Amino acid sequence: MHNLWNILNILNILSIGGDVARVFIVEDHPVVRKGYVAFIRREPELEICGEAASAEEALALLPTANADVVVLDVSLPGGMSGIDLLRELKQLFPKLPILVVSGNEEAVYGDMVVSMGAWGYVMKGNAEVFIEAVRTMAAETLGGQ
Amino acid sequence: MEAEALSASVRLLLVEDDEIDRETVRRLLGDGYVVTDVATGKAALEEIGAVPPDAVLLDFRLPDMEGIDLIPYCVQSFVPVILLTGEDSPEVIVQAMQIGAQDYLVKGHIGRNALARAIDNAIEKVALRRDLAHQQAQLAQQALALERSNRQVRALASALTLAEQRERRRISQILHDHVQQMLYGIQMRIYLIGLDTPEEDKTYIQEHLTEMESLVEEAIQSTRTLTVELSPPVLQSEGLGAAFSWLANQMNRLYDLRVALELAQDYQLTSEDLRVLIFQLVRELLFNVVKHAYTNEARVVMCVEVDRFVVRVEDSGIGFDPKPLVEEQPHDSGGFGLYSIRERLALFSGEVTIVSQPGHGTRVTLSLPQEVALNAGVPE
């Protein structure tokens with residue numbers, strides 16, 4: 001019985017069994033946002049459940065988006081930065097995994113956002129690293145459910 | 001001869017209560033003077049106030065006051081005074097000369113020529129004194145005007161620096177928020193083309209894709225470097241603490257300088273201009289350590305000391321004599337180094353102090369009044 005549970009769990013982690021992770025994207029620049037969407041649409045185990053171009057929009061949409069994971073850009077327009085939004089989201093949804101992306105080197109934000117509760121940090125400018133990070137975050141999340 | 005020529009138009013005020021003395025003096029003066037006489041101090045003051053005479057002949061003892069009490073009024077109005085005294089009053093003479101009388105004559109021993117000479121000399125002395133005072137006043141005015149222009153020049157220089165900072169920030173922001181994002185978009189699309197192209201077609205386009213990827217990568221790197229050089233993006237959204245951490249990391253990575261940070265807390269500064277300024281000054285000072293100090297360690301301290309917000313950059317390198325730097329002016333060596341730091345800080349009522357000597361490291365302290373630099377409530 002125990003073995004069977006383990007196998008089911010592994011299948012779950014590998015997304016074998018039809019589970020799809022719902023990804024919410026917070027990115028102000030439409031070109032980048034469309035790029036993320038294009039990436040995620042071609043991944044069978046991922047789907048887009050919402051997009052926001054600002055922190056305020058994200059806060060309005062996320063409660064009903066039923067997101068499994070969030071991709072969050074550090075630089076957002078308006079009064080609330082990506083860092084502010086991360087802080088807010090960790091309070092509202094403590095278990096929601098958030099991948100922070102930024103054009104800045106990891107040294108700037110990497111440690112800080114992880115210590116604030118982000119799932120991880122990737123630097124913009126490497127598409128392969130980005131999609132791999134989203135895949136891993138999604139698999140871990142679905143596996144842990 | 002000279003005395004006669006001058007005396008032609010001279011108007012005298014004779015302040016004398018004794019009628020005999022008055023008549024004696026009038027006789028000695030002859031016809032060359034226009035003489036008005038009064039017998040009291042009060043009348044003399046009124047006369048001086050109404051039409052200041054060219055000179056006053058003043059009896060040392062008047063019925064309503066001491067003659068010398070009139071002297072300060074005369075000095076103030078640039079009216080020469082010659083005291084007429086008795087033989088028995090040397091102390092009055094000394095006092096009168098000290099407070100501004102031009103000359104004295106002892107009654108009973110006054111000669112016609114001596115009187116004329118005394119009057120001419122006194123008028124000339126006071127005229128010189130008045131010219132001097134006038135020139136001094138002009139000089140003082142010129143000094144004031146010069147100081148005003150200097151202040152304007154300083155304010156313009158500072159405004160120019162701030163304008164430059166803002167422009168750098170604006171260009172940096174365009175690069176970061178727009179150009180870089182487009183490049184990321186292009187990069188993703190190139191990657192997606194690679195993924196979505198069937199294997200059999202890849203041979204035709206792979207070479208082009210690889211070339212495009214490398215070009216975009218190079219463009220991203222260039223804009224990143226330029227963005228950071230113009231104004232680090234980290235400074236646009238976070239407090240000084242995060243910016244200093246980033247700077248320390250950069251200095252270590254690019255210049256092998258290990259920067260220890262001692263930040264009492266991440267203070268919230270009153271303006272973005274000031275935050276950017278402090279950051280840029282610290283960066284300039286750390287560059288100085290890299291270039292001149294011959295050490296690979298430095299320390300940045302940020303705290304509040306007494307009632308001043310303090311940011312200090314220290315190193316234990318070779319040090320230098322700061323005196324020539326402290327006296328540096330903007331035209332010296334065409335540089336804006338320390339002068340510029342001083343001027344830029346002065347715009348926010350800040351100061352810079354340098355402690356250094358050859359062989360004993362350098363400590364540069366930037367300090368500003370706490371109420372100018374920091375928001376009330378302090379922590380960010």
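Computed from a predicted structure; not experimentally measured. (Residues numbered from 1 in each chain as written. Chains lettered and ligands numbered in written order. Predicted model: local features only at pLDDT ≥ 70, side-chain atom pairs only at ≥ 80, totals over all residues. Heavy atoms only, no water.)

1. Description of helix H5 (residues 90-99) of chain B
All names here are of chain B.
1) Next: If you check which residues of H5 are buried, you get Val92, Ile93 and Ala96. The buried residues of H5 occupy an angular sector of 100 degrees when projected down its axis, which confines them to one face. Within H5, the exposed residues directed more than 90 degrees away from the buried face are Glu91 and Gln98.
2) Next: For H5, the secondary structure elements touched by its buried residues are helix H4 (71-76), strand S4 (81-85) and strand S5 (103-106).
3) Next: Glycine 100 sits one or two positions beyond H5 and adopts a positive phi of about 125 degrees. (Buried < 20%, exposed > 50% of the residue type's maximum accessible area, 1.4 Å probe, protein only. Helix = DSSP H or I, 4+ residues; strand = E, 2+ residues; numbered from the N terminus. Arc of directions from axis to C-beta. Contact = heavy atoms within 4.5 Å.)

2. Side note on the confidence of the model for chain B
Residue and element names in this part refer to chain B.
1) Next: For chain B, the average pLDDT comes to 86, and 92% of its residues sit at 70 or higher.
2) Next: When the criterion is pLDDT under 50, residues 1-7 qualifies, and its contacts beyond four places in sequence or with other chains add up to six contacts.
3) Next: Confidence estimates for the predicted assembly give a pTM of 0.62 and an ipTM of 0.81. (pLDDT = per-residue confidence, 0-100.)

3. Re the environment of B:Glu87
Residue and element names in this part refer to chain B.
1) Next: Mapped onto the elements, glutamate 87 comes out in the loop between S4 and H5.
2) Next: The spatial distance from the C-alpha of glutamate 87 to the C-alpha of valine 106 is 6.1 Å, given a sequence separation of 19 residues.
3) Next: Leave out the neighbours within four places in its chain, and glutamate 87 touches Val106 and His109.

4. Quick notes on the pairing of strand S2 (residues 46-52) of chain A
Residue and element names in this part refer to chain A.
1) Next: Summarising the sheet, strand S1 (residues 21-26) and S2 pair through six bridges and their orientation is parallel. The partner of isoleucine 25 across the bridge, within S2, is glutamate 51.
2) Next: Viewed along the sheet, the connection from S1 through helix H2 (residues 30-41) into S2 turns out right-handed. (Pairing = 2+ DSSP bridges. Right-handed = clockwise from strand over helix to strand, strands pointing away.)

5. Examining the interface of chain B and chain A
1) Next: Counting residues at the interface gives 25 residues for chain B, matched by 26 residues for chain A.
2) Next: For the pair chain B and chain A, the summed buried surface comes to about 2100 Å²; carbon and sulfur atoms form 60% of the total.
3) Next: Inspection of the region where chain B meets chain A yields one salt bridge.
4) Next: A:Arg42 is the partner of B:Asp196 in a salt bridge, and the nearest nitrogen-oxygen pair spans 2.8 Å.
5) Next: Our count for the contact surface shared by chain B and chain A stands at six residue pairs in polar contact (both at pLDDT 80 or more).
6) Next: Breaking the side of chain B that touches chain A down by element, the ones donating at least two residues are helix H6 (112-196), helix H7 (199-230), helix H8 (234-237) and helix H9 (240-255) of chain B.
7) Next: With 14 residues, H6(B) is the single largest residue contributor to the side of chain B that touches chain A.
8) Next: Grouping the constituent residues of the side of chain B that touches chain A by class yields ten nonpolar, eight polar and seven charged. (Buried area = accessible area lost by both parts, 1.4 Å probe. Salt bridge = Lys/Arg side-chain N within 4 Å of Asp/Glu carboxyl O. Polar contact = N/O pair within 3.5 Å; in protein donor to acceptor, adjacent residues only side chain to side chain. Nonpolar A, V, L, I, M, F, W, Y, C, P; charged D, E, K, R; others polar.)

6. Side note on the packing of aromatic side chains
Residue and element names in this part refer to chain A.
1) Next: Under the criterion given, the structure shown has six aromatic pairs over all chains.
2) Next: Note on tyrosine 36 and phenylalanine 130: the rings are 4.3 Å apart at their centroids and 20 degrees apart in plane angle, and the pair reads as stacked. With tyrosine 36 in helix H2 and phenylalanine 130 in helix H6 (residues 127-144), the pair connects residues that are 94 residues apart, well separated along the chain. Of the two residues, tyrosine 36 and phenylalanine 130, neither departs from the other in class, the shared state being buried. (Phe/Tyr/Trp six-rings, centres within 6.5 Å; stacked < 30°, edge-to-face > 60°.)

7. Digging into the packing of H6(B) against helix H10 (residues 272-293) of chain B
Residue and element names in this part refer to chain B.
1) Next: One can describe the packing of H6 onto H10 by two numbers: an axis separation of 11 Å at closest approach and a directional angle of 90 degrees. The angle between the axes of H6 and H10 places the two elements in the roughly perpendicular class. For the pair formed by H6 and H10, the contact residues are Leu162, Gln165, Arg166, Arg168 and Arg169 on the first element and Glu272, Asp273, Val276, Leu277 and Gln280 on the second.
2) Next: The residue makeup of the contact of H6 with H10, split by class, is three nonpolar, two polar and five charged. (Axes fitted to C-alpha atoms, helices over the stretch in contact; angles between N-to-C directions. Parallel < 35°, antiparallel > 145°, perpendicular 65-115°, else oblique.)

8. Structural notes on the packing of H9(B) against H10(B)
Residue and element names in this part refer to chain B.
1) Next: In the contact formed by H9 and H10, the axes pass within 11 Å of each other and the chain directions differ by 25 degrees. When the interaxial angle is binned, H9 and H10 end up roughly parallel. H10 is crossed by H9, and the crossing has right-handed handedness. From H9, Leu240, Ala243, Phe244, Trp246, Leu247, Met251 and Tyr255 reach across to H10, where they touch Arg275, Ile278, Phe279, Val282, Arg283, Leu286, Phe287 and Val290.
2) Next: In the contact of H9 with H10, the residues fall into 13 nonpolar, no polar and two charged. (Left-handed = near helix turned anticlockwise from the far one by under 90°.)

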